[in-house]
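Inside the fold
Residues per chain, in single letters:
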Amino acid sequence: MRPFDDIVRIERAEILDKPAAAVRGVVTRVLTNRKVKDALHGVWLGHPLHPGLAAVAAGSFISATLLDTVGRPVGGGRAPSSFLIAAGLALTPPTAAAGWADWSESHEDQQRVGLVHATANIVGVGLYAAALVRRIRGTGSGRLLSIAAGGAAGAGALLGGHMGYRQAVGANHAEDVPHIGPADWRSLGSLAELPVGKPVRRTAGDVPVFVLRRADGVGPDGISVLSDTCPHLSAPLHEGDVVDVDGEAHIVCPWHGSEFRVSDGCVVHGPATAPVPRFESRVMGDELQARVVPIPGVRAS
Ligand code: FES
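Residues numbered from 1 in each chain as written. Predicted model: local features only at pLDDT ≥ 70, side-chain atom pairs only at ≥ 80, totals over all residues. Heavy atoms only, no water.

Right, let's talk about the sheet that holds strand β2 (residues 200-204) for a bit. One open sheet accounts for six strands, arranged β1-β10-β9-β4-β3-β2; its pairing is antiparallel. Pairing within the sheet leaves two strands with one partner each, and these edge strands are β1 (186-190) and β2. Strand-to-strand twist of the sheet, defined as the mean angle between neighbouring strand axes without regard to direction, takes the value 35 degrees. (Pairing = 2+ DSSP bridges. Helix = DSSP H or I, 4+ residues; strand = E, 2+ residues; numbered from the N terminus. Axes fitted to C-alpha atoms, helices over the stretch in contact; angles between N-to-C directions.)

If you want it as C-alpha coordinates, here you go:
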(Lines give C-alpha, C1' and ligand atoms only; values in the text may rest on other atoms or scores of the structure.)
Protein backbone atom coordinates (compact mmCIF):
# COMPACT_ATOMS: atom_id res chain seq x y z
CA MET A 1 0.00 0.00 0.00
CA ARG A 2 1.30 3.44 -0.88
CA PRO A 3 1.22 6.23 1.76
CA PHE A 4 -1.09 8.31 -0.42
CA ASP A 5 -3.73 5.57 -0.36
CA ASP A 6 -4.39 6.59 3.25
CA ILE A 7 -4.89 10.19 2.20
CA VAL A 8 -7.34 9.09 -0.47
CA ARG A 9 -9.28 7.39 2.33
CA ILE A 10 -9.52 10.77 4.07
CA GLU A 11 -11.06 12.21 0.89
CA ARG A 12 -13.88 9.66 1.25
CA ALA A 13 -14.36 9.94 5.02
CA GLU A 14 -17.95 11.17 5.30
CA ILE A 15 -17.54 11.27 9.08
CA LEU A 16 -15.64 14.53 8.54
CA ASP A 17 -18.58 16.24 6.83
CA LYS A 18 -20.35 17.29 10.02
CA PRO A 19 -17.34 19.01 11.60
CA ALA A 20 -16.49 20.48 8.19
CA ALA A 21 -19.98 22.00 7.94
CA ALA A 22 -19.64 23.48 11.43
CA VAL A 23 -16.23 25.02 10.65
CA ARG A 24 -17.47 26.26 7.27
CA GLY A 25 -20.33 28.01 9.05
CA VAL A 26 -17.88 29.80 11.33
CA VAL A 27 -15.59 30.79 8.45
CA THR A 28 -18.56 32.07 6.43
CA ARG A 29 -19.82 34.12 9.37
CA VAL A 30 -16.38 35.63 10.04
CA LEU A 31 -15.36 36.30 6.42
CA THR A 32 -18.22 38.48 5.27
CA ASN A 33 -16.20 41.36 3.82
CA ARG A 34 -15.62 40.66 0.12
CA LYS A 35 -12.51 42.83 -0.11
CA VAL A 36 -10.92 40.95 2.80
CA LYS A 37 -11.88 37.61 1.25
CA ASP A 38 -10.46 38.62 -2.13
CA ALA A 39 -7.24 39.74 -0.43
CA LEU A 40 -6.97 36.40 1.39
CA HIS A 41 -7.64 34.42 -1.78
CA GLY A 42 -4.85 36.37 -3.52
CA VAL A 43 -6.94 38.11 -6.20
CA TRP A 44 -4.64 41.17 -5.86
CA LEU A 45 -1.65 38.90 -6.49
CA GLY A 46 -3.13 36.95 -9.40
CA HIS A 47 -2.09 33.84 -7.49
CA PRO A 48 -3.38 32.02 -4.42
CA LEU A 49 -1.92 33.63 -1.29
CA HIS A 50 -2.01 30.60 1.00
CA PRO A 51 0.62 28.35 -0.66
CA GLY A 52 3.34 31.02 -0.59
CA LEU A 53 2.71 31.95 3.03
CA ALA A 54 2.46 28.29 4.01
CA ALA A 55 5.77 27.48 2.33
CA VAL A 56 7.60 30.17 4.34
CA ALA A 57 5.85 29.34 7.63
CA ALA A 58 6.34 25.58 7.27
CA GLY A 59 9.92 26.13 6.12
CA SER A 60 10.66 28.17 9.26
CA PHE A 61 9.06 25.61 11.56
CA ILE A 62 10.67 22.56 9.96
CA SER A 63 14.08 24.28 9.91
CA ALA A 64 13.71 24.91 13.65
CA THR A 65 12.96 21.24 14.21
CA LEU A 66 16.01 20.23 12.17
CA LEU A 67 18.21 22.46 14.32
CA ASP A 68 16.64 21.04 17.46
CA THR A 69 17.08 17.49 16.20
CA VAL A 70 20.83 18.04 16.17
CA GLY A 71 21.64 16.91 19.71
CA ARG A 72 23.67 19.88 20.89
CA PRO A 73 22.70 23.52 20.36
CA VAL A 74 24.13 25.03 17.17
CA GLY A 75 25.94 28.41 17.25
CA GLY A 76 24.16 30.65 19.76
CA GLY A 77 22.44 27.92 21.79
CA ARG A 78 18.76 27.47 20.87
CA ALA A 79 18.48 31.07 19.64
CA PRO A 80 18.45 30.25 15.88
CA SER A 81 15.77 27.62 16.38
CA SER A 82 13.75 29.93 18.64
CA PHE A 83 13.95 32.69 16.05
CA LEU A 84 12.64 30.35 13.35
CA ILE A 85 9.79 29.19 15.60
CA ALA A 86 8.90 32.83 16.33
CA ALA A 87 8.95 33.61 12.59
CA GLY A 88 6.66 30.65 11.90
CA LEU A 89 4.28 31.71 14.66
CA ALA A 90 4.18 35.28 13.32
CA LEU A 91 3.23 33.98 9.87
CA THR A 92 0.60 31.59 11.19
CA PRO A 93 -2.40 33.99 11.45
CA PRO A 94 -2.31 35.26 7.82
CA THR A 95 -1.43 31.80 6.51
CA ALA A 96 -4.32 30.19 8.37
CA ALA A 97 -6.76 32.95 7.40
CA ALA A 98 -5.88 32.58 3.70
CA GLY A 99 -6.13 28.80 4.00
CA TRP A 100 -9.57 28.89 5.66
CA ALA A 101 -10.83 31.33 3.02
CA ASP A 102 -9.77 28.97 0.21
CA TRP A 103 -10.97 25.89 2.10
CA SER A 104 -14.47 27.29 2.65
CA GLU A 105 -14.95 27.48 -1.14
CA SER A 106 -13.77 24.05 -2.17
CA HIS A 107 -15.35 20.65 -2.86
CA GLU A 108 -16.48 18.23 -0.17
CA ASP A 109 -13.58 15.78 -0.60
CA GLN A 110 -11.12 18.67 -0.56
CA GLN A 111 -12.66 19.99 2.66
CA ARG A 112 -12.29 16.59 4.33
CA VAL A 113 -8.56 16.52 3.63
CA GLY A 114 -8.32 20.22 4.47
CA LEU A 115 -9.83 19.64 7.88
CA VAL A 116 -7.21 17.00 8.75
CA HIS A 117 -4.48 19.23 7.23
CA ALA A 118 -5.58 22.11 9.47
CA THR A 119 -5.81 19.87 12.54
CA ALA A 120 -2.25 18.61 12.04
CA ASN A 121 -1.07 22.19 11.63
CA ILE A 122 -2.92 23.38 14.74
CA VAL A 123 -1.26 20.60 16.77
CA GLY A 124 2.13 21.49 15.28
CA VAL A 125 1.76 25.21 15.95
CA GLY A 126 0.60 24.52 19.53
CA LEU A 127 3.65 22.35 20.20
CA TYR A 128 6.01 24.92 18.68
CA ALA A 129 4.44 27.65 20.80
CA ALA A 130 4.83 25.47 23.92
CA ALA A 131 8.51 24.88 23.06
CA LEU A 132 9.10 28.60 22.70
CA VAL A 133 7.31 29.39 25.95
CA ARG A 134 9.51 26.87 27.81
CA ARG A 135 12.60 28.58 26.46
CA ILE A 136 11.38 32.07 27.28
CA ARG A 137 10.47 31.01 30.84
CA GLY A 138 13.72 29.08 31.19
CA THR A 139 11.86 25.92 32.20
CA GLY A 140 13.47 23.67 29.60
CA SER A 141 14.98 23.42 26.11
CA GLY A 142 11.65 22.55 24.45
CA ARG A 143 13.66 20.33 22.15
CA LEU A 144 11.37 17.32 22.30
CA LEU A 145 8.34 19.53 21.86
CA SER A 146 9.96 21.03 18.76
CA ILE A 147 10.70 17.58 17.34
CA ALA A 148 7.13 16.41 17.97
CA ALA A 149 5.84 19.63 16.40
CA GLY A 150 7.96 18.93 13.32
CA GLY A 151 6.20 15.58 12.92
CA ALA A 152 2.77 17.22 13.05
CA ALA A 153 3.82 20.08 10.76
CA GLY A 154 5.33 17.56 8.31
CA ALA A 155 2.05 15.63 8.21
CA GLY A 156 0.20 18.93 7.67
CA ALA A 157 2.56 19.83 4.82
CA LEU A 158 2.09 16.41 3.20
CA LEU A 159 -1.67 16.82 3.27
CA GLY A 160 -1.36 20.38 1.96
CA GLY A 161 0.73 19.07 -0.93
CA HIS A 162 -1.92 16.45 -1.65
CA MET A 163 -4.60 19.14 -1.73
CA GLY A 164 -2.59 21.32 -4.10
CA TYR A 165 -1.19 18.70 -6.44
CA ARG A 166 -3.62 15.77 -6.34
CA GLN A 167 -6.87 17.59 -5.63
CA ALA A 168 -5.80 20.75 -7.49
CA VAL A 169 -7.05 23.21 -4.87
CA GLY A 170 -5.68 26.60 -5.87
CA ALA A 171 -4.56 25.37 -9.29
CA ASN A 172 -5.73 27.12 -12.44
CA HIS A 173 -8.32 24.77 -13.91
CA ALA A 174 -8.38 26.55 -17.27
CA GLU A 175 -4.60 26.58 -17.73
CA ASP A 176 -4.73 24.08 -20.59
CA VAL A 177 -7.17 26.10 -22.71
CA PRO A 178 -4.62 28.34 -24.48
CA HIS A 179 -2.64 25.17 -25.25
CA ILE A 180 -5.48 23.04 -26.62
CA GLY A 181 -7.85 25.73 -27.93
CA PRO A 182 -7.94 26.00 -31.72
CA ALA A 183 -5.47 28.47 -33.19
CA ASP A 184 -7.46 28.60 -36.44
CA TRP A 185 -11.01 29.88 -36.82
CA ARG A 186 -13.70 27.38 -35.83
CA SER A 187 -17.42 27.66 -36.29
CA LEU A 188 -19.61 28.26 -33.24
CA GLY A 189 -22.80 28.01 -35.29
CA SER A 190 -25.28 30.50 -36.59
CA LEU A 191 -25.25 34.05 -35.26
CA ALA A 192 -29.02 34.27 -35.74
CA GLU A 193 -29.51 31.38 -33.29
CA LEU A 194 -27.52 33.10 -30.55
CA PRO A 195 -29.77 34.50 -27.80
CA VAL A 196 -29.20 38.10 -26.74
CA GLY A 197 -28.14 38.73 -23.13
CA LYS A 198 -28.05 35.06 -22.16
CA PRO A 199 -24.77 33.12 -22.14
CA VAL A 200 -24.67 29.82 -23.98
CA ARG A 201 -22.19 27.01 -24.32
CA ARG A 202 -20.64 26.16 -27.66
CA THR A 203 -17.50 24.23 -28.59
CA ALA A 204 -14.50 25.60 -30.45
CA GLY A 205 -12.78 22.49 -31.75
CA ASP A 206 -13.01 20.29 -28.64
CA VAL A 207 -12.94 23.15 -26.14
CA PRO A 208 -16.18 24.24 -24.44
CA VAL A 209 -16.64 27.98 -24.72
CA PHE A 210 -18.91 30.53 -23.11
CA VAL A 211 -20.57 32.83 -25.63
CA LEU A 212 -22.41 36.01 -24.70
CA ARG A 213 -24.14 38.23 -27.21
CA ARG A 214 -24.76 41.51 -25.48
CA ALA A 215 -27.85 43.57 -26.03
CA ASP A 216 -25.80 46.78 -26.21
CA GLY A 217 -23.59 45.44 -29.02
CA VAL A 218 -20.34 46.36 -27.22
CA GLY A 219 -17.28 44.80 -28.90
CA PRO A 220 -17.12 43.19 -32.36
CA ASP A 221 -20.74 42.25 -33.11
CA GLY A 222 -21.43 42.56 -29.35
CA ILE A 223 -20.07 39.07 -28.79
CA SER A 224 -17.66 37.82 -26.13
CA VAL A 225 -16.19 34.33 -26.20
CA LEU A 226 -14.35 32.89 -23.21
CA SER A 227 -13.42 29.44 -21.99
CA ASP A 228 -16.50 27.91 -20.39
CA THR A 229 -14.34 26.39 -17.63
CA CYS A 230 -14.04 28.42 -14.45
CA PRO A 231 -10.34 28.65 -13.50
CA HIS A 232 -11.23 28.09 -9.84
CA LEU A 233 -12.69 24.58 -9.86
CA SER A 234 -14.00 24.03 -13.40
CA ALA A 235 -17.66 25.10 -13.09
CA PRO A 236 -19.49 25.67 -16.40
CA LEU A 237 -19.50 29.46 -16.59
CA HIS A 238 -22.44 29.68 -19.03
CA GLU A 239 -24.67 28.51 -16.14
CA GLY A 240 -23.71 31.59 -14.13
CA ASP A 241 -25.47 34.94 -13.91
CA VAL A 242 -24.50 37.89 -16.06
CA VAL A 243 -24.50 41.11 -14.03
CA ASP A 244 -24.06 44.68 -15.15
CA VAL A 245 -21.41 46.59 -13.20
CA ASP A 246 -21.06 50.22 -14.26
CA GLY A 247 -22.04 49.31 -17.82
CA GLU A 248 -19.65 46.35 -17.92
CA ALA A 249 -20.91 42.78 -18.23
CA HIS A 250 -19.55 40.41 -15.56
CA ILE A 251 -20.19 36.68 -15.29
CA VAL A 252 -20.66 35.23 -11.80
CA CYS A 253 -19.60 31.61 -11.46
CA PRO A 254 -22.50 29.35 -10.43
CA TRP A 255 -20.46 27.34 -7.90
CA HIS A 256 -18.52 29.69 -5.63
CA GLY A 257 -19.33 33.14 -6.97
CA SER A 258 -16.06 34.16 -8.64
CA GLU A 259 -16.75 37.16 -10.84
CA PHE A 260 -15.05 37.76 -14.19
CA ARG A 261 -15.19 40.61 -16.69
CA VAL A 262 -16.83 39.21 -19.83
CA SER A 263 -14.89 41.46 -22.22
CA ASP A 264 -11.48 40.01 -21.30
CA GLY A 265 -11.96 37.29 -18.66
CA CYS A 266 -10.17 39.25 -15.91
CA VAL A 267 -10.92 38.30 -12.29
CA VAL A 268 -13.04 40.86 -10.46
CA HIS A 269 -13.73 38.76 -7.33
CA GLY A 270 -12.36 35.46 -6.09
CA PRO A 271 -12.00 32.73 -5.03
CA ALA A 272 -10.53 32.41 -8.54
CA THR A 273 -7.23 34.18 -8.99
CA ALA A 274 -6.49 33.31 -12.63
CA PRO A 275 -8.37 34.93 -15.54
CA VAL A 276 -10.66 33.02 -17.88
CA PRO A 277 -8.88 32.32 -21.19
CA ARG A 278 -10.24 34.49 -23.97
CA PHE A 279 -11.17 33.70 -27.58
CA GLU A 280 -11.25 36.06 -30.55
CA SER A 281 -14.46 36.01 -32.54
CA ARG A 282 -15.68 37.12 -35.95
CA VAL A 283 -18.82 36.77 -38.03
CA MET A 284 -18.59 35.37 -41.57
CA GLY A 285 -21.97 35.62 -43.29
CA ASP A 286 -24.26 34.27 -40.58
CA GLU A 287 -21.61 32.09 -39.00
CA LEU A 288 -19.94 32.96 -35.70
CA GLN A 289 -16.32 31.84 -35.54
CA ALA A 290 -13.75 31.83 -32.76
CA ARG A 291 -10.14 31.01 -32.11
CA VAL A 292 -8.19 31.00 -28.88
CA VAL A 293 -6.03 33.96 -27.90
CA PRO A 294 -2.62 32.33 -27.42
CA ILE A 295 -0.25 33.10 -24.56
CA PRO A 296 2.75 34.78 -26.23
CA GLY A 297 5.67 32.40 -26.52
CA VAL A 298 3.70 29.40 -25.25
CA ARG A 299 2.61 27.93 -28.56
CA ALA A 300 3.88 28.28 -32.09
CA SER A 301 0.73 29.51 -33.82
S1 FES B 1 -15.72 26.86 -9.74
FE2 FES B 1 -15.45 27.92 -7.89
S3 FES B 1 -15.78 29.99 -8.42
FE4 FES B 1 -16.02 28.92 -10.26
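The structure having been displayed, the exposition proceeds.
What the largest pocket holds in volume is close to 1,200 Å³. Taken together, 45 residues make up the lining of the largest pocket; nearest its centre are His 50, Pro 51, Ala 54, His 117 and Gly 160. Counting residues per element, the ones that place at least two in the lining of the largest pocket are α4 (49-69), α5 (79-103), α6 (108-137) and α7 (143-166). Per element, the largest residue contribution to the lining of the largest pocket is eight residues, and it comes from α7. When the residues that make up the lining of the largest pocket are grouped by side-chain class, the tally is 24 nonpolar, 19 polar and two charged. (1 Å grid on protein atoms, 1.4 Å probe; cavity = no way out; pocket = protein on both sides within 12 Å on 5 of 7 lines; lining within 4 Å. Points joined across faces, edges and corners; volume = space filled by probe spheres on them. Nonpolar A, V, L, I, M, F, W, Y, C, P; charged D, E, K, R; others polar.)

Inspection of the entire model under this criterion finds nine salt bridges. One salt bridge connects Lys 37 with Glu 105, and the closest N-O pair in it is separated by 3.1 Å. Of the two residues, Lys 37 is situated in helix α3 (residues 34-41) and Glu 105 in the loop between α5 and α6; the sequence distance between them amounts to 68 residues. As far as the burial class goes, Lys 37 and Glu 105 line up, both buried. For Asp 228, the salt bridge goes to Arg 201, with nearest N and O atoms at 3.1 Å. Taken together, the positions of Asp 228 in the loop between β4 (223-227) and β5 (241-245) and Arg 201 in strand β2 put the pair 27 residues apart, joining distant regions of the chain. Since its relative accessible area comes to 43%, Arg 201 is described here as partly exposed. Within this structure, Asp 17, Glu 108 and Arg 112 form a network of salt bridges that share partners. (Salt bridge = Lys/Arg side-chain N within 4 Å of Asp/Glu carboxyl O. Buried < 20%, exposed > 50% of the residue type's maximum accessible area, 1.4 Å probe, protein only.)

We note that the domain assignment places domain 1 (3-166) and domain 2 (177-292) within the chain. For domain 1 versus domain 2, the separation of C-alpha centres amounts to 38 Å. Buried surface at the junction of domain 1 and domain 2, summed over both partners, amounts to about 910 Å²; 54% is from carbon and sulfur atoms. The three residues of domain 1 that bury the most area against domain 2 are Arg 34, Val 43 and Glu 105, which together make up 51% of that side's buried surface. Taken together, the connections running from domain 1 to domain 2 amount to one salt bridge. In this structure, Glu 259 engages Arg 34 in a salt bridge whose closest nitrogen and oxygen atoms are separated by 3.7 Å. If you look at where domain 1 meets domain 2, you find four residue pairs in polar contact (both at pLDDT 80 or more). Looking at the side of domain 1 that touches domain 2, the element that brings in the most residues is α3, giving three residues. For the side of domain 1 that touches domain 2, the class distribution of residues is two nonpolar, seven polar and three charged. (Domains from an automatic or database assignment. Buried area = accessible area lost by both parts, 1.4 Å probe. Polar contact = N/O pair within 3.5 Å; in protein donor to acceptor, adjacent residues only side chain to side chain.)

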